[in-house]
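Below, each chain spelled out in residue letters.
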Amino acid sequence: MVLNEPGGDLEWTYIADRQPGPGEIRIKVGACGVCRTDLHVLDGELPDLKLPIIPGHEIVGRIDAIGVGVNGLSIGERVGVPWLGHTCGVCPYCTSLQENLCDRPLFTGYTRDGGFATATIADARFAFPLGEVGSDVALAPLLCAGLIGWRSLGIAGVGKKLGLYGFGAAAHIVAQAAKWQGRSVFAFTRPGDVSAQDFARSLGATWAGGSDEMPPEPLDAAIIYAAVGDLVPLALKAVRKGGRVVCAGIHMSDIPSFPYRLLWEERQLVSVANLTRQDGIDFLKLAPEIGIVTETTCYPLNQANQALADLRAGRFEGAAVLVP
Ligand SMILES: [Zn+2]
Ligand SMILES: [Zn+2]
């Protein structure tokens, strides 16, 4: 499913299987999750988009061809491919454990072809072996919603009272991880979205309400997954002195101006960008231990446009997954 022009629909396109180059593998896709970032790619909201592009960066599949110079992976092995698809390895960020900020990265489904396809080519160094536990569909949302969620949870600090703004694919995974860590989760949804609030409570949220409401007690930290800048001052208002607000999306509408007193008293406002391979290794190892259960809605690959439209409209809980 190819995007030829921002603002357009994805188009079903026949492309002959490509051969993996040096250091690359070819993966027969078993499932690929649909992420909010895919909507930003579609809408042309991110700079330097490669066109045409095959979106999709929550890929689960099996290796069916291996390029020269790849070690430690074998034909038939199940792997996952995340958003971070390549790094340069030599820039100041790569050499200081911040490869998520690499100066010359490639991102799966954005600047290199991704997984809304029957097969894809990946840099072997950025493919995580997934083992055989769990279905392809259940694992797919872990590759971005889970990974970025995990990174944002770490950046939020160790506070016990955690707010999650936007209760979609990432938050439904993070809520389970946060609960496992002994935290209390306060879930903020679109105002009036009762089904999302019920969904949050079913996953153990202590409290769920609209994003226009204040939580019953001040929060230690809040993570914003919705791409809505208006949530920033609301989240700052909801955290205690010294609390932290983390913006976890790649794109957000403009943040409205707000009184300085919302930031005063050592409140912090930070963003989270991308992931490191270490995030992936850490989280994918922990996920079965935590017992994370993903809520998924499956669509055939050729229904990708419908899946994206349903994501935009909030027509399902949890995550959408495409199956070729
Ligand atoms: Zn994503
Ligand atoms: Zn780099």
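Caption draft 1: Representation of the overall build of the chain within the structure. A count of helices and strands for the chain gives 8 helices and 15 strands. Taking 2.2 N^0.38 as the reference for a compact globule, 324 residues should give roughly 20 Å; the C-alpha atoms of the chain span a radius of gyration of 19 Å, in line with that estimate. Its C-alpha atoms put the chain at 55 × 40 × 35 Å along the principal axes. Out of the 324 residues belonging to the chain, those deemed buried represent 48%. Expressed as a percentage of contacts within the chain between residues at least 6 apart in sequence, the contacts between residues at least 24 apart total 69%.

Caption draft 2: Main features of helix 7 (residues 277-290). Compared with an ideal rise of 1.5 Å per residue, which puts 14 residues at 20 Å, helix 7 spans 20 Å between its outermost C-alpha atoms and is within 8% of the ideal. Among the residues of helix 7, Asp279, Gly280, Phe283, Leu284 and Ala287 are the ones counted as buried. Looking at the packing, one finds that the buried side of helix 7 touches strand 7 (128-129) and helix 3 (145-155). Downstream of helix 7 by one or two residues, Gly291 has phi in the positive range, about 80 degrees.

Caption draft 3: Region of interest: the environment of Cys32. Along the chain, Cys32 turns up in strand 1 (residues 24-34). The exposure class assigned to Cys32 is buried, which follows from the 35 C-beta atoms found within 10 Å. Measuring from C-alpha to C-alpha, the distance between Cys32 and Arg125 comes to 19 Å, with 93 residues separating the pair along the chain. Sequence-distant contacts of Cys32, defined by excluding residues within four places in its chain, comprise Gly56, Glu58, Ile59, Gly115, Phe116, Ala140, Val321 and Leu322.

Caption draft 4: Broad picture of the domain arrangement of the chain. Each domain of the chain was delimited in the assignment, giving domain 1 (24-142 + 274-323) and domain 2 (147-271). Between domain 1 and domain 2, the contact holds 21 residues from the first and 20 residues from the second. Mapped by element, the contributors of at least two residues to the side of domain 1 that touches domain 2 are helix 1 (36-42) and helix 7. Among the elements that line the side of domain 1 that touches domain 2, the one with the most residues is helix 7, at 4 residues.

The rules we used
- Residues numbered from 1 in each chain as written.
- Chains lettered and ligands numbered in written order.
- Predicted model: local features only at pLDDT ≥ 70, side-chain atom pairs only at ≥ 80, totals over all residues.
- Helix = DSSP H or I, 4+ residues; strand = E, 2+ residues; numbered from the N terminus.
- Rg over C-alpha atoms; globule rule 2.2 N^0.38 Å.
- Buried ≥ 20, exposed ≤ 12 C-beta atoms within 10 Å, placed from the backbone.
- Contact = placed C-beta atoms within 7 Å.
- Expected span 1.5 Å × (residues − 1).
- Domains from an automatic or database assignment.

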